[in-house]
Amino acid sequence: KTRSEIELQVYFIGKDYGGVAGRPAALAFAPDVARDIAANREQFEQAVCSAQPILIQVPRRSAVAILYAPFVKPLVDRNRVTRNWQVWGTKFWFWLNQRAFPMEDSRVNEFFLITDENSVDKYLKFAERFRDFVVRHQDWVPELRKVDDGSDSQPCSDNKLWDKMCYGLADLEKQSAA
């Protein structure tokens with residue numbers, strides 16, 4: 001509710017939940033991301049709360065654009081330039097509305113064969129592919145729940161369960177390749 005609380009959550013998602021994807025220098029942006037969210041809090045909250053569950057509808061472009069904007073910050077380190085902190089953003093949105101915003105990261109993108117540069121369009125492409133896959137495979141959920149049973153202190157949302165499946169398949173593929 002406050003800028004400092006938003007900053008704590010942004011920092012947690014970036015550091016402890018892997019949002020900055022191995023680029024710890026990006027954590028310096030947490031105050032700026034929090035400031036930008038707080039400055040547009042009403043619009044940000046409306047975009048999060050008005051989003052339908054992904055099984056009903058892919059998030060609207062306008063909502064994703066509002067949510068994405070605070071996570072666009074240029075970082076130059078290790079001779080690389082990164083401007084769009086998409087993984088950080090999607091993990092943050094997920095915790096605000098788990099049914100509407102699946103998390104996107106490199107492993108999930110591998111699963112859905114997405115190689116685009118980070119952008120609103122990339123997230124929308126991911127959300128569309130995610131939705132199509134999940135709608136076609138709803139009968140997998142009971143088995144996924146059995147496999148995941150007890151791995152967390154409480155059962156996770158279906159979208160998190162699908163994320164774990166994509167993540168685990170990427171691990172299996174790497175192990176098979178080795």
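Here the structure is a predicted model, which is why all the values come from computation and not from measurement.

So, how was this worked out
- Residues numbered from 1 in each chain as written.
- Predicted model: local features only at pLDDT ≥ 70, side-chain atom pairs only at ≥ 80, totals over all residues.
- Heavy atoms only, no water.
- Helix = DSSP H or I, 4+ residues; strand = E, 2+ residues; numbered from the N terminus.
- Contact = heavy atoms within 4.5 Å.
- Areas by Shrake-Rupley, 256 points an atom, 1.4 Å probe, with all protein chains shown as cover.
- Lys, Arg positive; Asp, Glu negative; His and termini not counted.
- Charge placed at Lys NZ, Arg CZ, Asp CG, Glu CD.
- Buried < 20%, exposed > 50% of the residue type's maximum accessible area, 1.4 Å probe, protein only.
- Pairing = 2+ DSSP bridges.
- Polar contact = N/O pair within 3.5 Å; in protein donor to acceptor, adjacent residues only side chain to side chain.
- Axes fitted to C-alpha atoms, helices over the stretch in contact; angles between N-to-C directions.
- Parallel < 35°, antiparallel > 145°, perpendicular 65-115°, else oblique.
- Left-handed = near helix turned anticlockwise from the far one by under 90°.
- Nonpolar A, V, L, I, M, F, W, Y, C, P; charged D, E, K, R; others polar.
- Arc of directions from axis to C-beta.
- Phe/Tyr/Trp six-rings, centres within 6.5 Å; stacked < 30°, edge-to-face > 60°.
- Core = buried A, V, L, I, M, F, W, Y, C linked by side-chain atoms within 4.5 Å.

Engineer: Just give me the short version of the overall build of the chain, but keep the residues and values in it.
Structural biologist: If you tally the helices and strands in the chain, you get nine helices and two strands. Counting from the amino terminus, the chain carries its helices and strands in the arrangement α-α-α-α-β-β-α-α-α-α-α. Its C-alpha atoms put the chain at 45 × 40 × 35 Å along the principal axes. In the chain, the share of contacts with a sequence separation of at least 24, taken over all contacts with a separation of at least 6, comes to 63%. Element-wise, carbon and sulfur atoms account for 53% of the exposed surface of the chain, whose accessible area totals about 9,900 Å². For the chain, the distance from the average site of its 25 positive side-chain charges to the average site of its 25 negative ones is 3 Å.

Engineer: Could you give me a rundown of the pairing of strand S1 (residues 72–77), with the residues and numbers involved?
Structural biologist: Residues Lys73, Leu75 and Asp77 line the buried face of S1, whereas the alternating positions Val72, Pro74 and Val76 sit on a face that is not buried. Pairing of S1 with strand S2 (residues 80–84) involves four bridges; the strand directions are antiparallel. Counterpart to Leu75 in the pairing with S2 is Thr82. Two successive antiparallel strands, S1 and S2, enclose a turn made up of two residues, where Arg78 displays a positive phi of approximately 50°.

Engineer: Go over the side chain of His137 with me, naming the residues and quoting the values.
Structural biologist: Assignment of secondary structure puts His137 in the loop between helix H7 (120–136) and helix H8 (141–148). Polar side-chain contacts of His137 include one of 2.7 Å to the backbone oxygen of Phe133.

Engineer: I'd like to hear about the packing of helix H1 (residues 3–15) against helix H5 (residues 86–96), residue by residue, with values.
Structural biologist: Axis separation between H1 and H5 bottoms out at 9 Å; the angle between their running directions is 120°. The orientation of H1 with respect to H5, classified from their angle, is oblique. For the element pair H1 and H5, the recorded crossing hand is right-handed. Residues Ile6, Gln9, Val10, Ile13 and Gly14 of H1 form the contact with H5, whose own contacting residues are Trp88, Lys91, Phe92, Trp95 and Leu96. Looking at the contact of H1 with H5, its residues break down into seven nonpolar, two polar and one charged.

Engineer: Go over H8 with me, naming the residues and quoting the values.
Structural biologist: Residues of H8 that are buried include every one of Val141, Leu144 and Asp148, and no others. Within H8, the buried residues cover an arc of 60° as seen down the axis, which keeps them to one side. Facing away from the buried side of H8, by more than 90 degrees, are the exposed residues Pro142, Lys146 and Val147. Looking one or two places after H8, you find Gly150, whose phi comes out positive at around 85°.

Engineer: Please set out the packing of aromatic side chains residue by residue, giving values where relevant.
Structural biologist: Across all of its chains, the model carries 21 aromatic pairs by this definition. For the pair Tyr68 and Trp93, a centre-to-centre distance of 6.5 Å together with 75° between the ring planes defines the contact as edge-to-face. Of the two residues, Tyr68 sits in helix H4 (residues 61–68) while Trp93 sits in helix H5, which places them 25 residues apart along the sequence. Like Trp93, Tyr68 is buried. Both rings, one in Trp93 and one in Phe101, keep their centres 6.0 Å apart while their planes meet at 70°; by these two values the pair is edge-to-face. For Trp93, a relative accessible area of 0% corresponds to the buried category.

Engineer: How would you explain the nonpolar core if you had to name every residue and give the values?
Structural biologist: By size, the foremost hydrophobic cluster in this structure holds 50 residues, and its most contacted members are Trp88, Phe92 and Trp93. When residues of this core are traced back to their parent elements, those giving at least two are H1, helix H2 (30–39), helix H3 (41–50), H4, H5, H7, H8 and helix H9 (158–177). Once residues within four sequence positions are removed from consideration, Phe92 is found in contact with Ile6, Gln9, Val10, Ile13, Ile37, Phe44 and Phe71.

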